[in-house]
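# Close look at the chain arrangement
For reference, the chains in residue letters:
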Amino acid sequence: MNPRNRRRVRNLSLLLLLLGGAAWLVPSYFSAERYRRRLEAGLERALHRPVKFGAVSFRLLPRPGFTIENAEVEEDSDFGSEPFARVDRIECDLRWGSVWRSRKDFARLRLYRPSFNLVLNATGEWNVGRLLRQSGVTAPAGAGPDAASSRVGEPLDLEVEDAHIDFKVGANKKPFALTDVRARLRADPAERRVEFRIVASPVRSDLAVPTPGPVEAEGVWTPGRDLQGPIAANLRARGALLYDWIPIVTGHNPGLYGVLDCDVRLSGSLSNLTVEGESHLTQFQRWSELPPSDPMPWTLRFRGQLHRGHERVLVESLEASFRDSHVHLSGSVDYFSNSPQLD
């Protein structure tokens, strides 16, 4: 390299180093408090709930934005008085176009150690369902957003780390919860769809059993105006313990042990859902017995439909194979949530 090019590379490297240092140091001398009200307004537009928070700081790298500490997202009064979410820290990435404007719009929100309440009220509506309607992703394709909707063409990425999700029916908190939640959701008002990927560990607070392990879910949902639009999702569990899964689902422990790998595919709508998949079960035994010398693997393949509006489960095919045996089951269960009737 000739001396002239060497000087250019050196000067360019020095310039980049100085710019990087300035971008790193300048925010520490910059007070973000004067933007507090604009940040509150921007978060309230993104989350469609009143928001309050503690300390706030500005950053330039890796993207212009703000860091917010100890945030609380209030709940819609139709779903109770307990906050919708409490968050230890929120990283807000600004859209480039809003850096120089008084209105602050966010391209991405990263939530660290949040706690959520998902609530079903007396009218049968979920608070997250209303939140989706307010976001604009439920409007018919081609329709303009209402006053409460995000601007069309500006999707919002939401990332969650180490979250806890509780479920409530009215004012009553259910014992079932999701812990160690990691999630990424992308709500796109222009395409009227939600892309999601979630990893979570289910637990029950009323039973002294640990979580059976993490469950992964990913897919795409086009909610539609009534939240009954098409959904396509895949669920996956590896090394899940049957001894812990059965109490989580049924509320009691029959003392059965086994290690479960499961892949499930969901399609259809939330009220008429088609479920199909395959599971592999090994080391199946009663907890009180000695482990078998042979892991005696089971293979289960299943396909069925869940009709929530009619309280009906249709088992099109359930096949179990183990050793030299094969079992096939089909039928239906009506009124499964109250007094199940088997056919």
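Definitions and limits used
- Residues numbered from 1 in each chain as written.
- Predicted model: local features only at pLDDT ≥ 70, side-chain atom pairs only at ≥ 80, totals over all residues.
- Heavy atoms only, no water.
- Helix = DSSP H or I, 4+ residues; strand = E, 2+ residues; numbered from the N terminus.
- Buried < 20%, exposed > 50% of the residue type's maximum accessible area, 1.4 Å probe, protein only.
- Contact = heavy atoms within 4.5 Å.
- Areas by Shrake-Rupley, 256 points an atom, 1.4 Å probe, with all protein chains shown as cover.
- Phe/Tyr/Trp six-rings, centres within 6.5 Å; stacked < 30°, edge-to-face > 60°.
- Salt bridge = Lys/Arg side-chain N within 4 Å of Asp/Glu carboxyl O.
- Core = buried A, V, L, I, M, F, W, Y, C linked by side-chain atoms within 4.5 Å.
- pLDDT = per-residue confidence, 0-100.
- Pairing = 2+ DSSP bridges.

### Some details on the overall build of the protein chain
The secondary structure content of the protein chain amounts to four helices and 16 strands. Taken across its 343 residues, the protein chain has 40% of its residues classed as buried. Partitioning the intrachain contacts of the protein chain with sequence separation of at least 6 by distance along the chain shows that 50% fall at a separation of at least 24. About 19500 Å² of surface is accessible on the protein chain, with carbon and sulfur atoms providing 57% of the total.

### Here's the deal with helix α3 (residues 127–135)
One turn of an α-helix holds 3.6 residues; hence residues three or four places apart share an orientation. Among the nine residues that make up α3, seven are buried, leaving the element largely enclosed by the rest of the structure. For α3, every residue scored as buried is listed here: Asn127, Gly129, Arg130, Leu131, Leu132, Gln134 and Ser135. For α3, the elements touching its buried residues are α2 (36–47), β5 (106–120), β8 (193–204) and β9 (215–221). Just downstream of α3, Gly136 is the residue with a positive phi angle, here 100°.

### Some thoughts on the packing of aromatic side chains
Two descriptors summarise a pair of aromatic rings, namely the distance from one centre to the other and the angle between the planes of the rings. Tallying each qualifying case throughout the model produces five aromatic pairs. The interplanar angle of 75° and the centroid separation of 5.5 Å between the aromatic rings of Phe284 and Trp298 together place this pair among those described as edge-to-face. On the criterion of sequence distance, the pair formed by Phe284 in strand β12 (residues 272–286) and Trp298 in strand β13 (residues 298–307) is long-range, its members being 14 residues apart. For Phe284, a relative accessible area of 26% translates into the label partly exposed.

### Regarding the pattern of salt bridges
According to the stated counting rule, one finds 28 salt bridges in the structure shown. The residue Arg303 makes a salt bridge to Glu316 at a minimum N-O spacing of 2.8 Å. Of the two residues, Arg303 sits in strand β13 while Glu316 sits in strand β14 (residues 312–322), which places them 13 residues apart along the sequence. Given a relative accessible area of 33%, Arg303 falls into the partly exposed group. Overlapping salt bridges, with partners in common, bring together Asp76, Asp78, Glu125, Arg130 and Arg133 in one network.

### Things to note about the nonpolar core
Leu43, Phe53, Ile68, Ile90, Phe106, Leu109 and Phe116 are the most contacted members of the largest nonpolar core, which totals 34 residues. Listed by contribution, the elements that provide at least two residues to this core are α2, β2 (56–59), β3 (65–73), β4 (85–94), β5, β6 (156–169) and β7 (172–188). If we ignore the near neighbours within four places in the chain, the residues touching Ile68 are Leu43, Phe53, Ala55, Val56, Asp88, Arg89, Ile90 and Cys92. Residues Val137, Leu227, Leu242 and Leu260 belong to the second largest nonpolar core, which totals 22 residues.

### Things to note about the side chain of Ser201
Turning to its location among the elements, Ser201 is positioned in strand β8. Sequence-distant contacts of Ser201, defined by excluding residues within four places in its chain, comprise Ala177, Leu178, Thr179, Asp180, Thr211, Gly213 and Pro214.

### Describing the side chain of Ser332
As for its position among the elements, Ser332 is in strand β15 (residues 325–334). Owing to a relative accessible area of 7%, Ser332 belongs among the buried residues under this scheme. Sequence-distant contacts of Ser332, defined by excluding residues within four places in its chain, comprise Arg312, Val313, Leu314, Val315, Gln341, Leu342 and Asp343.

### Points about the confidence of the model for the protein chain
For the protein chain, per-residue confidence averages 82 on the pLDDT scale, and residues scoring 70 or more make up 82% of the total. Per-residue pLDDT, averaged within each element of the protein chain, yields its smallest value for helix α1 (residues 3–25) (56) and its largest for β9 (96). Low pLDDT, under 50, characterises residues 21–29; the stretch is placed with seven contacts to residues that sit more than four places away or in other chains. Note that pLDDT drops below 50 for residues 141–151; the model gives that stretch 21 contacts with residues more than four away or on any other chain.

### Some details on the pairing of β12
Alignment of strand β11 (residues 256–268) against β12, held across 12 bridges, turns out to be antiparallel. In the strand pairing of β12, Leu266 is matched with Val275. Between β11 and β12, which follow one another and run antiparallel, lie three residues. Relative to β13, β12 runs antiparallel, the two sharing 10 bridges. Each bridged residue has a counterpart across the sheet, and for Val275 the counterpart in β13 is Gly304.

### Points about helix α4 (residues 242–250)
For α4, every residue scored as buried is listed here: Leu242, Asp244, Ile246, Pro247 and Ile248. Looking at the packing, one finds that the buried side of α4 touches β7, β8, β10 (231–241), β11 and β12. Where α4 terminates, the next one or two residues include Gly251, which has phi positive at roughly 90°.

### Quick look at the pairing of β5
Judged from the nine bridges that link them, β4 and β5 form a sheet pairing that is antiparallel. Across the sheet, residue Cys92 finds its bridge partner in β5, namely Leu109. Here β5 pairs with β6 via 11 bridges, running parallel. The residue of β6 that forms the bridge with Tyr112 is Glu161.

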